[in-house]
Amino acid sequence: MRALTYQGSHDVRVETVPDPVLQAPDDVILKITATAICGSDLHLYRGKVPAMKSGDILGHEFMGIVVDAGREVTRIKKGDRVVVPFTISCGDCFFCNKQLFSACETTNPNRGAIVNKKDIRPGAAMFGYTHLYGGIP
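Residues numbered from 1 in each chain as written. Predicted model: local features only at pLDDT ≥ 70, side-chain atom pairs only at ≥ 80, totals over all residues. Heavy atoms only, no water.

Peer 1: Go over the overall build of the chain, please, and point to the residues and values.
Peer 2: In terms of regular secondary structure, the chain is built from 2 helices and 7 strands. The N-to-C order of helical and strand elements in the chain reads β-β-β-α-β-β-β-α-β. For the chain, whose C-alpha radius of gyration is 15 Å, the value lies close to the compact-globule estimate of 14 Å for 137 residues. Judged by the C-alpha coordinates and their principal axes, the chain covers about 40 × 40 × 25 Å. Expressed as a percentage of the 137 residues in the chain, the buried residues total 30%. Considering only contacts in the chain between residues 6 or more positions apart, those separated by 24 or more positions represent 50%. When the accessible area of the chain is evaluated, it comes to approximately 9,000 Å², of which 55% is carbon and sulfur surface. With 16 positive and 14 negative side-chain charges, the chain shows a separation of 4 Å between the mean positions of the two kinds. (Helix = DSSP H or I, 4+ residues; strand = E, 2+ residues; numbered from the N terminus. Rg over C-alpha atoms; globule rule 2.2 N^0.38 Å. Buried < 20%, exposed > 50% of the residue type's maximum accessible area, 1.4 Å probe, protein only. Contact = heavy atoms within 4.5 Å. Areas by Shrake-Rupley, 256 points an atom, 1.4 Å probe, with all protein chains shown as cover. Lys, Arg positive; Asp, Glu negative; His and termini not counted. Charge placed at Lys NZ, Arg CZ, Asp CG, Glu CD.)

Below, the structure written as structure tokens:
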């Protein structure tokens with residue numbers, strides 16, 4: 001597939017990258033039909049957000065058509081059109097149960113923007129953003 005990739009400050013390129021595959025039973029694969037940029041994309045482009053790596057796939061505000069879904073996906077099916085928020089949330093943790101999805105406790109395996117050593121969980125992972133927020137393509 002083709003994707004916008006980060007190569008460094010002021011250097012992004014459309015490149016061929018491996019097609020996505022289902023990795024978990026609640027995963028969904030979309031064919032992206034529309035996307036947009038926002039101010040946070042410009043921060044990445046300018047190299048102002050740490051933890052970006054050469055080759056990272058950018059893009060976190062998009063919509064598309066479901067082309068595949070894991071066996072635990074029950075609310076959408078192949079062919080459905082969906083709009084996707086930039087945060088990745090589990091839907092089951094303390095914060096998700098309070099509808100505070102951007103504070104999801106389970107989706108970001110990294111430290112987020114937390115710079116001290118306190119035992120504080122980072123915010124939710126985000127699609128197409130820095131490794132501070134999961135580095136999820």
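Having seen the structure, we can now continue with the description.
Peer 1: So what's going on with the pattern of salt bridges? Residues and values would help.
Peer 2: Under the definition given, this model contains 2 salt bridges. Note that Asp-11 and Arg-13 form a salt bridge whose closest N and O atoms lie 2.8 Å from each other. A salt bridge links Lys-77 to Asp-80; its shortest N-O distance comes to 3.2 Å. (Salt bridge = Lys/Arg side-chain N within 4 Å of Asp/Glu carboxyl O.)

Peer 1: Let's hear about the pairing of strand S1 (residues 2-8): which residues, and what values?
Peer 2: Pairing geometry for S1 and strand S2 (residues 11-16), over 6 bridges, is antiparallel. Along S2, the bridge assignment pairs Leu-4 with Val-14. Linking S1 to S2, which pair antiparallel, is a turn of 2 residues; within it His-10 sits at a positive phi near 65°. (Pairing = 2+ DSSP bridges.)

Peer 1: Give me the lowdown on the layout of surface pockets, citing residues and values where you can.
Peer 2: Within this model, the largest pocket holds a volume of roughly 2,300 Å³. If you go around the largest pocket, you meet 49 residues; those closest to its centre are Val-28, Phe-62, Val-84, Ile-88 and Phe-127. Looking at the lining of the largest pocket, the elements with two or more residues in it are S1, strand S3 (28-35), helix H1 (39-45), strand S5 (81-84) and strand S6 (87-88). Of all the elements, S3 adds the most residues to the lining of the largest pocket, at 5 residues. The residue inventory of the lining of the largest pocket, partitioned by class, reads 33 nonpolar, 8 polar and 8 charged. (1 Å grid on protein atoms, 1.4 Å probe; cavity = no way out; pocket = protein on both sides within 12 Å on 5 of 7 lines; lining within 4 Å. Points joined across faces, edges and corners; volume = space filled by probe spheres on them. Nonpolar A, V, L, I, M, F, W, Y, C, P; charged D, E, K, R; others polar.)

Peer 1: Residue-level account of the side chain of His-60, with values.
Peer 2: Looking at where His-60 falls in the secondary structure, it is placed in the loop between H1 and strand S4 (62-69). Using a relative accessible area of 3% as the deciding quantity, one classes His-60 as buried. Polar side-chain contacts of His-60 include one of 3.4 Å to the side chain of Asp-41. Beyond its immediate chain neighbours, meaning those up to four positions away, His-60 contacts Cys-38, Ser-40, Asp-41, Val-84, Pro-85, Phe-86, Phe-127, Gly-128 and Tyr-129. (Polar contact = N/O pair within 3.5 Å; in protein donor to acceptor, adjacent residues only side chain to side chain.)

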